[in-house]
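Single-letter residue listing:
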Amino acid sequence: MEQTQEKERVVICPGSFDPITNGHQDIIRRASTLFDRVIVLVSANVAKTPIFSIDERVALIETVCQGMENVQVDKFNGLLIDYVKESGAVAIVKGLRAVSDFDYEFQMALTNRKLMPSAETVFLTPSNDNMYLASSVVRQIAQLGGDIRPFVPSCIVETVVRRMREKF
Ligand code: PNS
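Residues numbered from 1 in each chain as written. Predicted model: local features only at pLDDT ≥ 70, side-chain atom pairs only at ≥ 80, totals over all residues. Heavy atoms only, no water.

Caption draft 1: Inspection of the packing of aromatic side chains at higher detail. Tallied over the entire structure, the rule returns two aromatic pairs. With centroids separated by 4.8 Å and ring planes inclined at 20°, the aromatic side chains of F102 and F106 adopt a geometry described as stacked. Taken together, the positions of F102 and F106, both in helix α4 (residues 102–115) and four residues apart, correspond to about one turn of that helix. For F102, a relative accessible area of 38% puts it in the partly exposed group. Residue classification places F106 among the partly exposed positions, given a relative accessible area of 39%. (Phe/Tyr/Trp six-rings, centres within 6.5 Å; stacked < 30°, edge-to-face > 60°. Helix = DSSP H or I, 4+ residues; strand = E, 2+ residues; numbered from the N terminus. Buried < 20%, exposed > 50% of the residue type's maximum accessible area, 1.4 Å probe, protein only.)

Caption draft 2: Quick look at the pattern of salt bridges. As enumerated under the stated definition, the model contains 11 salt bridges in all. For the salt bridge of E56 with K167, the shortest nitrogen-to-oxygen distance reads 3.1 Å. Of this pair, E56 sits in helix α2 (residues 54–64) while K167 sits in helix α6 (residues 154–167); the two residues are 111 residues apart in sequence, bridging distant segments of the chain. The partner of R97 in a salt bridge is D101, with the nearest N and O atoms 2.8 Å apart. Three or more residues are tied together by salt bridges with common partners; here these are E56, R163, E166 and K167. (Salt bridge = Lys/Arg side-chain N within 4 Å of Asp/Glu carboxyl O.)

Caption draft 3: Region of the structure containing the side chain of N22. The residue N22 is located in helix α1 (residues 22–34) in this model. Looking at N22, its side chain comes within polar contact range of the main-chain oxygen of P150, at 3.0 Å. N22 has contacts with N130, L133, P150, F151, V152 and P153, leaving out every residue within four places of it along the chain. (Polar contact = N/O pair within 3.5 Å; in protein donor to acceptor, adjacent residues only side chain to side chain. Contact = heavy atoms within 4.5 Å.)

Caption draft 4: Up close: the site of the ligand. Neighbouring the ligand are 15 residues; S16, A44, N45, K48 and L80 lie closest to it. Between an oxygen atom of the ligand and a side-chain N or O atom of N45, the distance comes to 2.8 Å. The separation between an oxygen atom of the ligand and a polar side-chain atom of Y104 is 3.1 Å. In isolation the ligand exposes 540 Å². Once the protein is present, 83% of that is buried. The cavity that encloses the ligand is the largest pocket. Of all elements in the fold, only β1 (10–15) and α4 reach the threshold of two or more residues within the shell around the ligand. Broken down by element, the shell around the ligand gets its largest block of residues, four residues, from α4. A breakdown of the residues in the shell around the ligand according to their chemical character gives six nonpolar, seven polar and two charged. (Near = heavy atom within 4 Å. Areas by Shrake-Rupley, 256 points an atom, 1.4 Å probe, with all protein chains shown as cover. 1 Å grid on protein atoms, 1.4 Å probe; cavity = no way out; pocket = protein on both sides within 12 Å on 5 of 7 lines; lining within 4 Å. Sits in = over half its atoms within 2 Å of the grid points. Nonpolar A, V, L, I, M, F, W, Y, C, P; charged D, E, K, R; others polar.)

Function cannot be inferred from these measures alone, as they are strictly geometric.
Structure below.
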């Protein structure tokens with residue numbers, strides 16, 4: 001059979017990740033099995049004021065993604081589409097949870113395509129368990145002294161709880 005030299009298929013998994021949850025980890029893992037390389041990109045969402053600094057969020061994701069060989073973590077303060085262009089990524093990967101995500105995600109996907117016509121957005125569905133999980137819920141539970149263990153990867157529970165105690 002004739003061998004063809006295939007280009008590495010890189011995708012970007014952008015988000016606020018404030019902090020990373022089991023749901024994010026689920027989507028990153030799924031993306032890592034589908035594509036050659038996944039760049040988890042901590043990006044600025046102008047509609048949100050993060051609790052964790054950008055470097056804290058990067059460090060938490062790095063801890064969670066240890067062992068996922070084709071996953072790397074980066075941060076970027078500009079337009080997502082500029083990062084997509086620079087990295088040569090073939091797509092943006094986002095998790096689509098309940099119907100409530102749809103309008104917002106659809107708007108972002110179509111806006112990004114308007115800004116860069118070749119930009120594809122691929123939506124992946126998390127497991128049932130992670131369907132209603134959001135970072136805001138994790139922050140609220142941690143802030144009020146609740147148990148976040150069902151919602152975030154075990155390797156970061158202690159750090160998230162400690163950092164939340166320091167902040168509030
Ligand atoms: O986890 P989030 O907050 O839903 O992620 C949203 C995020 C960070 C991916 C989005 O706000 C984003 O792409 N920010 C970068 C700036 C940008 O490109 N904005 C235009 C998007 S249509």
